[in-house]
Amino acid sequence: MARVYNFSAGPSCLPEEVLKECAAEMLDYNGTGQSVMEMSHRSKAYEPIIEDAEKMVRKLMNVPENYKVLFVQGGGSTQFAMVAQNLGIKNKKAAYIETGVWAKKAAAEAKKLGIAVDVIASSKDKNYSYIPKVEKVTGDYDYVYICFNNTIMGTHYEYIPETGDIPLVADISSCVLSEPLDVTKFGLLFAGAQKNLAPAGVTLVIVREDLIPEPEACLPGTPTMLAYKTHADNGSMYNTPPCYTIYVLDKVLHWIEKNGGAEGMLKRNQEKADYLYNYLDNNEGNFYHATTEVGSRSLMNVPFLTKYSTAETAAAGKKDEADRTDAEKAALAKEKEINDKFVKEAAAAGLVNLKGHRLVGGMRASIYNAMTLDGVKALVEFMKKFAAANK
């Protein structure tokens, strides 16, 4: 079967070059006669892999020496708790900028742990279709928390909030190494790997050393595995790490370097995003439109709707079934019909995983680092044909 163009929000597509390398080494890595999947993480064969992965993260992201690079498990969702347990220990108070599902979930997790959460800005008023502008954050907060790129809503910070001496924490799961980022502006960064770095299973954490407390200083009841110092003191090998995922991650990092590093990825991603947004903003008859506001648009995740999705259908969708008028029911049925048809026909054309998230509706194209410009062009050509056939 031919390869498809995979627009999944995660797990997402990986560079074909990397997949071929992994396939070639599946049964025999580097003359060891075994797969990396089978290796002891303490072996002489595996140690250079995890060491090189850290070295490459530091190189590609310009990570200063006073920051630790950790490879942990549990995904980004576990970081919602770890951040609070390790950083929210002085005043037990934190500021959150709410820009969608993931920032909202992170705040809720912090509240469960006894952190006094202040939502200092939110874009909820427009269904999180933009990034609110926060010029400067002051106060007795232990940290300020943002989700830098919002996978579901398709928004992205075009600025870094000024927080002074308050550590800034950012979830960069869906935009890590898609562009240059000044690590020194943050106290802690984390990224689940399954969108831009590797298969699911490992989470990258970059944390300033002075922010890592002794385990006994973490919030009461913090498990050993949820203390950053546990991982920092043991080279991310306190327990068995996700060895194979880190191996793939290392190969992806070398692929990124080969293709110009973070700067090369930005050029690549800007070209893809510009091509798609330009079509969405200028397509004949306005059959499609992007859901995010100009100035907040993600280069990674592009949600879009058809002309059958309107403010009226959005309002109707929020009503209980019994409260909808016949006209509203018909409009919602037509909207669902056209969206389902788009996703089905796109998949038949080799363009998969384009269904939008239920909170936005419509479709979503995730165009992470590994997605090619050819893939985006193929999507736009399909969109043109579909629009013409469904006027």
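Every value quoted in this text rests on a predicted model; they were computed, and no experiment measured them.

S.K.: Even after reading the chapter, I still don't get the sheet that holds strand 3 (residues 93-98), so can you show me in this structure?
M.R.: Across a sheet, paired strands are connected by hydrogen bonds in the backbone, their directions being either parallel or antiparallel. Spatially, the 7 strands line up as an open sheet ordered 2-10-9-8-5-3-4, and their pairing is mixed. Strands with a single pairing partner mark the edges of an open sheet, and in this sheet they are strand 2 (67-72) and strand 4 (116-122). On average, adjacent strands in this sheet sit at an angle of 20° to one another, irrespective of strand direction. One ladder, built from 3 bridges, connects strand 3 with strand 5 (residues 143-147); its direction is parallel. Note that in strand 5 the partner of A95 across the bridge is V144.

S.K.: Explanation requested: the packing of helix 3 (residues 75-87) against helix 4 (residues 101-112) in the structure shown.
M.R.: Packed helices, taken two at a time, are described by their axes: the angle between them and the distance between them. The N-to-C vectors of helix 3 and helix 4 enclose an angle of 45°; their axes lie 9 Å apart at closest approach. One way to sum up the angle between helix 3 and helix 4 is to call them oblique. When the axes of helix 3 and helix 4 are compared, the crossing they make is right-handed. Where helix 3 abuts helix 4, its residues S77, F80, A81 and A84 lie against W102, K105, A106, E109 and A110. Grouping the amino acids of the contact of helix 3 with helix 4 by side-chain chemistry returns 6 nonpolar, 1 polar and 2 charged.

S.K.: Where do I start with the sheet that holds strand 14 (residues 363-366) in this structure?
M.R.: The 3 strands lie next to each other as 11-12-14, forming an open sheet whose pairing is antiparallel. Each edge of the sheet is formed by a strand with only one pairing partner; in this case those strands are strand 11 (288-290) and strand 14. The sheet shows a mean angle of 30° between the axes of neighbouring strands, taken without regard to direction. Sheet topology note: the strand 12 (residues 301-306)/strand 14 ladder contains 4 bridges and is antiparallel. Looking across to strand 14, one finds that P303 is bridged to R364.

S.K.: Please clarify how a positive patch on the surface should be interpreted in this entry.
M.R.: Taken together, the side chains of K307, K334, K341 and K391 define a basic patch exposed on the protein surface. For K391, the location among the structural elements is in the segment after helix 10 (373-389).

S.K.: What should I look at first to understand the nonpolar core in this one?
M.R.: Buried together is how nonpolar side chains tend to be arranged in soluble globular proteins. Grouped together as the largest cluster of nonpolar side chains are 95 residues, with contacts concentrated most on M61, F71, I172, I206, Y288 and F342. It is helix 6 (residues 243-258) that contributes the most residues to this core, 10 residues altogether. Among residues more than four places away in sequence, those in contact with F71 are I50, A53, E54, V57, V202, T203, L204, S236, I246 and L249. In this structure, F80, L188, V205 and L219 belong to the second largest nonpolar core, which totals 27 residues.

S.K.: Where do I start with helix 7 (residues 261-282) in this structure?
M.R.: Given 3.6 residues per turn, any residue in an α-helix points the same way as the ones three and four places further on. The end-to-end C-alpha separation of helix 7 is 32 Å, in line with the 32 Å expected for 22 residues at 1.5 Å each. Considered for burial, the residues of helix 7 that qualify are G261, A262, G264, M265, N269, K272, A273, L276, Y277, Y279 and L280. Residues of helix 7 that are buried in the fold lie against helix 2 (47-61), helix 6, strand 11, strand 12, strand 14 and helix 10.

S.K.: Just checking my understanding: could you explain the side chain of N369 for this structure?
M.R.: Here N369 lies in the loop between strand 14 and helix 10. A relative accessible area of 1% places N369 in the buried class. Of note is the side chain of N369, whose polar atom sits 3.1 Å from the backbone oxygen of L177. Leaving out residues up to four positions away in the same chain, N369 has contacts with V176, L177, S178, N196, W255, I256, M265, R268, N269, K272 and M300.

S.K.: Help me understand the packing of aromatic side chains, please; the structure alone is not making it clear to me.
M.R.: Aromatic ring pairs: the centre-centre distance and the angle between the two ring planes describe each pair. This model, assessed by the stated rule, comprises 19 aromatic pairs. Relative to F190, the ring of Y145 has its centre 6.4 Å away and its plane inclined at 45°; by these criteria the two rings are tilted. With Y145 in strand 5 and F190 in strand 9 (residues 188-192), this pair connects stretches of sequence that are 45 residues apart. You'll find Y145 and F190 in the same group, each marked buried. For the pair F287 and Y308, a centre-to-centre distance of 6.2 Å together with 80° between the ring planes defines the contact as edge-to-face. Here the residue F287 occupies a position in the loop between helix 7 and strand 11, and Y308 occupies one in the loop between strand 12 and helix 8 (311-317), the gap between them amounting to 21 residues.

Parameters and conventions
- Counting restarts for each chain: residues are numbered from 1 in the order of the written sequence.
- Restriction of local features to residues with pLDDT of at least 70 applies here, the model being predicted, together with a cutoff of 80 or more for giving and counting side-chain atom pairs; totals for whole chains, interfaces and linings are based on all residues.
- With hydrogens and water excluded, all non-hydrogen atoms of the structure serve as input to the side-chain values.
- Strand pairing follows a simple DSSP-based rule, namely that at least 2 bridges must link the two strands.
- Think of it this way: any DSSP run of H or I at least four residues long counts as a helix, any run of E at least two long counts as a strand, and we number them from the N terminus.
- Where helices are involved, their axes are fitted lines through C-alpha atoms of the stretch in contact, as for all axes, and angles between N-to-C directions lie from 0 to 180°.
- Should an angle fall under 35 degrees it is called roughly parallel, over 145 degrees roughly antiparallel, and 65 to 115 degrees roughly perpendicular, with every other angle called oblique.
- With the far helix as reference, a near helix turned anticlockwise by less than a right angle produces a left-handed crossing, and one turned clockwise produces a right-handed crossing.
- Contacts are assigned to residue pairs with any non-hydrogen atoms lying within 4.5 Å of each other.
- Nonpolar residues are Ala, Val, Leu, Ile, Met, Phe, Trp, Tyr, Cys and Pro. Charged residues are Asp, Glu, Lys and Arg, and all others, Gly as well, are polar.
- Patches were defined on residues exceeding 30% relative accessible area and lacking a salt bridge, with like-charge contacts within 9 Å and nonpolar side-chain contacts (Val, Leu, Ile, Met, Phe, Trp, Tyr) within 5 Å.
- In these tables, accessible area is a Shrake-Rupley quantity obtained with a 1.4 Å probe, and a residue counts as shielded only by the protein chains included in the view.
- Whenever Lys or Arg places a side-chain nitrogen within 4 Å of a carboxyl oxygen from Asp or Glu, that contact is recorded as a salt bridge.
- Counted as positive: Lys and Arg. Counted as negative: Asp and Glu, with His and the chain ends omitted from the count.
- Where a charge sits is defined by one atom per residue type, namely NZ (Lys), CZ (Arg), CG (Asp) or CD (Glu).
- Among the buried residues, those of types Ala, Val, Leu, Ile, Met, Phe, Trp, Tyr and Cys that are joined through side-chain atoms within 4.5 Å form a nonpolar core.
- Exposure categories follow from relative accessible area, calculated using a 1.4 Å probe and restricted to protein chains: below 20% of the type maximum is buried, above 50% is exposed, and the middle band is partly exposed.
- Expected helix span is taken as 1.5 Å per residue step, with the number of steps being one fewer than the number of residues.
- Residues adjacent in sequence count toward polar contacts only when both atoms are side-chain atoms; beyond that, a polar contact is any pair of N or O atoms within 3.5 Å, and within protein one must be able to donate a hydrogen and the other to accept it.
- Pairing of aromatic rings covers Phe, Tyr and the six-membered ring of Trp, with a centre-to-centre limit of 6.5 Å; geometry is then stacked below 30 degrees between planes, edge-to-face above 60, and tilted otherwise.

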